[in-house]
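Notes for the structure review
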Amino acid sequence: MASEAAKEGANRPRLSLHVPEPRSRPGDTADFSYLDLPPAGAQPRPDEACSAAATYPLCNDLIRVLGEDNRTHGPWNPQLSPDAMRQILRQMALVRAFDNRMYRAQRQGKTSFYLKCTGEEATSVAATHALDFEDMIFPSYRQQGCLIAREYPLVEMINQIFSNRADRLMGRQLPILYSARAVNFFTISGNLATQLPQATGFAMASAIRGDCKLAAAWVGEGSTAEGDFHCALTFAAVYNAPTIFNVVNNQWAISSFSGIAGAERATFAARAIGYGIAGLRVDGNDALAVYAAERWAADRARSNHGPTLIEFFTYRVEGHSTSDDPSVYRPAQEGKDWPLGDPIERLRDHLFEIGEWSIEAHEAMDAELDAQVRAASRAAEANGILGHGLHQPDRTMFEDVFETMPWHLKEQSEQAVRERSVKWPD
Amino acid sequence: MAGLDTAPAAEAESEVPERELTMIEAINDALDVMLARDPDVVLLGEDIGYFGGVFRCTAGLQEKHGKTRVFDTPISENGIIGVAVGMGAYGLRPVPEIQFADYIYPGLDQIVSEAARLRYRSAAEYIAPMTIRSPFGGGIFGGQTHSQSPEAIFTHICGLKTVVPSTPYDAKGLLIAAIEDNDPVIFFEPKRIYNGPFDGYYDRPTKSWKGQPGAMVPEGHYTVPLGKARIARAGEALTVLAYGTMVHVAAGVAQEKGVDAEIIDLRTLLPLDIETVEKSVQKTGKCLIVHEATRTSGFGAELSALVTERCFYHLEAPVERVTGFDTPYPHSLEWSYFPGPIRVGEAMDRLLNE
Ligand SMILES: Cc1ncc(C[n+]2csc(CCOP(=O)(O)OP(=O)(O)O)c2C)c(N)n1
């Protein structure tokens, strides 16, 4: 019967493949009218110990604290002291100054690659402040703000970027793929999303040992398509592991808009619903909302109430990296037209509004940060830049493959040293 | 078609207009030809649609052939290969792109346990006629996750073919042959020579494909058959087995040293053109194997075993292997890692002095 019907399929509707397409392309004016942006303060704040289901309305909402009037609103206001807010402001501005200088350094040929996080500074800086220093960070490659929030020395970061002889990672890794155990920051992989199940595992280990450390992972919205995202959340849900999954939805994954990762159908926060864990969707350009949400998730995890998935809704203002030219796939104006503004300006304006900051202070801070970054860059440059000979000795290439070097690597190491002496007999 | 000793397939007659293309343009051309010729061909991968791929290999193809033939995928290599298996089961001929060979591992189960074995386990009820394209190899300061050469992982899997071109002409002809092949093909594109040949001297000005052997590419459809090697340089003193970028490095060293090497560009690693290999080694009595991939259990180990097994009584010296070191691809020491002219030259000297 069924196959008979299929043969007569002529009058059945023809299937068609849907391929998502962003609303605007180069030459178009950016259109964000489709975004449903609720006013700040309108979102309820459930107790940290609530059932996961109590957060589900928030998966399709947007937690916001800073309003158009530059004042704080509603129950998510984290009530940070002016000092705490100034520190977050300063570190976000430092991230931006650092990004600008390192981008230029790449253009000047001092290194092979760089990648900015412009417009997304709050999602790393403010979120890190909501964690304890002991909590382990499992970053993606766009979380330089986590290192800066944990006051990791800029010179160390730049030594890594320049792949020079002072680079603690021995020049082995692509620039920005840091590792910084000293500040509980996991080694960054170039392969997307691998850090997510690792974060779950770290959190499970902490729970196995009866410790009180959490794991917090960051991932781009594009990377949530990887299978690792699924198993990370499944394990976290099954074992109620004290993990925070921060999805930075900056709208773009290289040239692919968020629709290619499924955003036309559901929010990224709403993924939490299927796993039965808590989920929050947050204005990622509102440093206070970011802090409040991360703090909520940290308090929840720390009191054994399990994992939380947070979507930080933000915008990638710059190209993907120094290898990318975004003007070929999106309108040039999009970043300027992004309706949630700039995270640094918004926090600055709030501090102005409450009389805790001034234009003069801000300008002085910017000048100071610029000088700080310049000095760090000069200090790192004294240790060498990429491709100018001041790198780690060749034998270091063979170290750390194993704890102890097997015979074949010893032989190969001798070969490498001999080749160098042929190339540069001194 | 200077420098090409293999006669092109019958269709590419001498009247067919040719033009000089880069390897990227030749790959783009092959995809364009196949999209136009065969409605079953579909292209899928990260950033390959509107944008045209991070290396521009699919530039313009979505606009020309439509969004349901050439489209962006979610960032999931497992998903990309898995859906390609399903599309093949329906009867399509998918050409998935994996943005860098270093990112193919999340898709490994779908390749190894599924695509490679579909034909066998279903007694040919189902096949996986897909060609997985992916740029591989180093030399662009990409660090360990943009530089790997994982071809030996795939030649070790029964049911997969593995192909590596070394010129624009071959890239187009091999890619068309791969797409038309009914078995799954891993098509690794040596990204260092996308825009020009590379002799291993990273500190000399880069060359473009302009005026280089193998850069003239006929328009339209032609194939370079899978499983056929190319003698890139005929010679008597020793045989060099290479593929991809290393064909150019070996040729450069032979020229510089004035060594009368016979350089065989394998083109297809599996199935291997064993006849051409045997004939050459039996003639020269000496064999140097060169690849950029790590040494231990690399494809060179298989080649060395084959040559030793099949040409033992012709060999006048032990088979030599020149490879990348057995470490992850380092960033700053990239050129110490790369099997460049010194390493290749020393091995040639050793063989010639035997
Ligand atoms: C497994 C894997 N596949 C593909 C890539 C190539 N790649 C690097 S970044 C990127 C886009 C990631 O986008 P998203 O997750 O949204 O993060 P964002 O760059 O926006 O911060 C891709 C496809 C990779 N690094 N790893």
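The notes below deal with the structure included here. As the structure is a computational prediction, the values presented were derived from the model and not from experiment.

This part is about the site of the ligand. Neighbouring the ligand are 20 residues, the closest being Tyr141(A), Arg142(A), Ser223(A), Trp252(A) and Glu77(B). Looking at what sits near the ligand, you find residues from chains A and B. Between the ligand and the protein, one listed contact pairs an oxygen atom with a side-chain N or O atom of Tyr141(A) at 2.6 Å. Here Tyr103(B) contributes a side-chain N or O atom positioned 3.1 Å from a nitrogen atom of the ligand. Relative to its unbound accessible surface of 590 Å², the ligand loses 96% to contact with the protein. Class assignment for the residues of the shell around the ligand results in seven nonpolar, eight polar and five charged.

Now for a nonpolar patch on the surface. On the surface, a nonpolar cluster with roughly 330 Å² of combined accessible area is contributed by Phe235(A), Val238(A) and Tyr239(A). Here Val238(A) lies in helix α8 (residues 227-239).

If you look at the interface, chain B gives 41 residues, while chain A gives 49 residues. It is Tyr50(B), Ile75(B) and His331(B) that lose the most area in chain B upon contact with chain A, and together they represent 18% of the buried surface on that side. Close ionic contact of Glu21(A) with Lys67(B) constitutes a salt bridge, the shortest N to O distance being 3.9 Å. Summed over the shared surface of chain B and chain A, the number is 19 residue pairs in polar contact (both at pLDDT 80 or more). Looking at the side of chain B that touches chain A, the elements with two or more residues in it are β3 (70-72), α11 (334-337) and α12 (341-352) of chain B.

For helix α14 (residues 407-423) of chain A, built from 17 residues, the straight-helix expectation of 24 Å at 1.5 Å per residue is met to within 8% by its first-to-last C-alpha distance of 25 Å. Within α14(A), burial applies to His408(A), Leu409(A), Gln412(A), Ser413(A), Gln415(A), Ala416(A) and Glu419(A). What you see down the axis of α14(A) is that its buried residues fit within an arc of 160°, all on one side. Set apart from the buried face of α14(A) by more than 90 degrees, the exposed residues are Trp407(A) and Glu414(A). Tucked into the core, α14(A) has its buried residues touching α11 and α12 of chain B.

This part is about the environment of Gly279(A). Residue and element names in this part refer to chain A. Considering the arrangement of structural elements, one finds glycine 279 in strand β6 (residues 278-283). Along the backbone, glycine 279 and alanine 52 are 227 residues apart, and their C-alpha atoms lie at a distance of 7.5 Å. Excluding anything up to four places from it in sequence, glycine 279 contacts Thr55, Leu58, Cys59, Ala269, Ala272, Thr308 and Leu309.

Counted by the stated rule, this structure contains 26 aromatic pairs over all chains. Ring geometry for Tyr329(B) versus Tyr337(B): centroids 4.3 Å apart, planes at 40°, classification tilted. The side chain of Arg25(A) reaches across the aromatic face of Tyr50(B), ending 3.6 Å from its centre. The ring of Phe198(B) carries the charged tip of Arg192(B) above its face, separated from the ring centre by 3.8 Å.

Now for helix α6 (residues 154-162) of chain A. Residue and element names in this part refer to chain A. Within α6, eight of the nine residues are buried, which leaves the element mostly enclosed by the surrounding structure. Along α6, the positions that sit buried rather than exposed are Leu154, Glu156, Met157, Ile158, Asn159, Gln160, Ile161 and Phe162. Where α6 is buried, its residues contact α3 (82-107), α5 (144-149) and α13 (359-381).

Cut-off values and rules
- Residues numbered from 1 in each chain as written.
- Chains lettered and ligands numbered in written order.
- Predicted model: local features only at pLDDT ≥ 70, side-chain atom pairs only at ≥ 80, totals over all residues.
- Heavy atoms only, no water.
- Near = heavy atom within 4 Å.
- Polar contact = N/O pair within 3.5 Å; in protein donor to acceptor, adjacent residues only side chain to side chain.
- Areas by Shrake-Rupley, 256 points an atom, 1.4 Å probe, with all protein chains shown as cover.
- Nonpolar A, V, L, I, M, F, W, Y, C, P; charged D, E, K, R; others polar.
- Patch = residues over 30% accessible without salt bridge, like charges linked within 9 Å, V, L, I, M, F, W, Y side chains within 5 Å.
- Salt bridge = Lys/Arg side-chain N within 4 Å of Asp/Glu carboxyl O.
- Helix = DSSP H or I, 4+ residues; strand = E, 2+ residues; numbered from the N terminus.
- Contact = heavy atoms within 4.5 Å.
- Buried area = accessible area lost by both parts, 1.4 Å probe.
- Expected span 1.5 Å × (residues − 1).
- Buried < 20%, exposed > 50% of the residue type's maximum accessible area, 1.4 Å probe, protein only.
- Arc of directions from axis to C-beta.
- Phe/Tyr/Trp six-rings, centres within 6.5 Å; stacked < 30°, edge-to-face > 60°.
- Lys NZ or Arg CZ within 6 Å of the ring centre and 35° of its normal.

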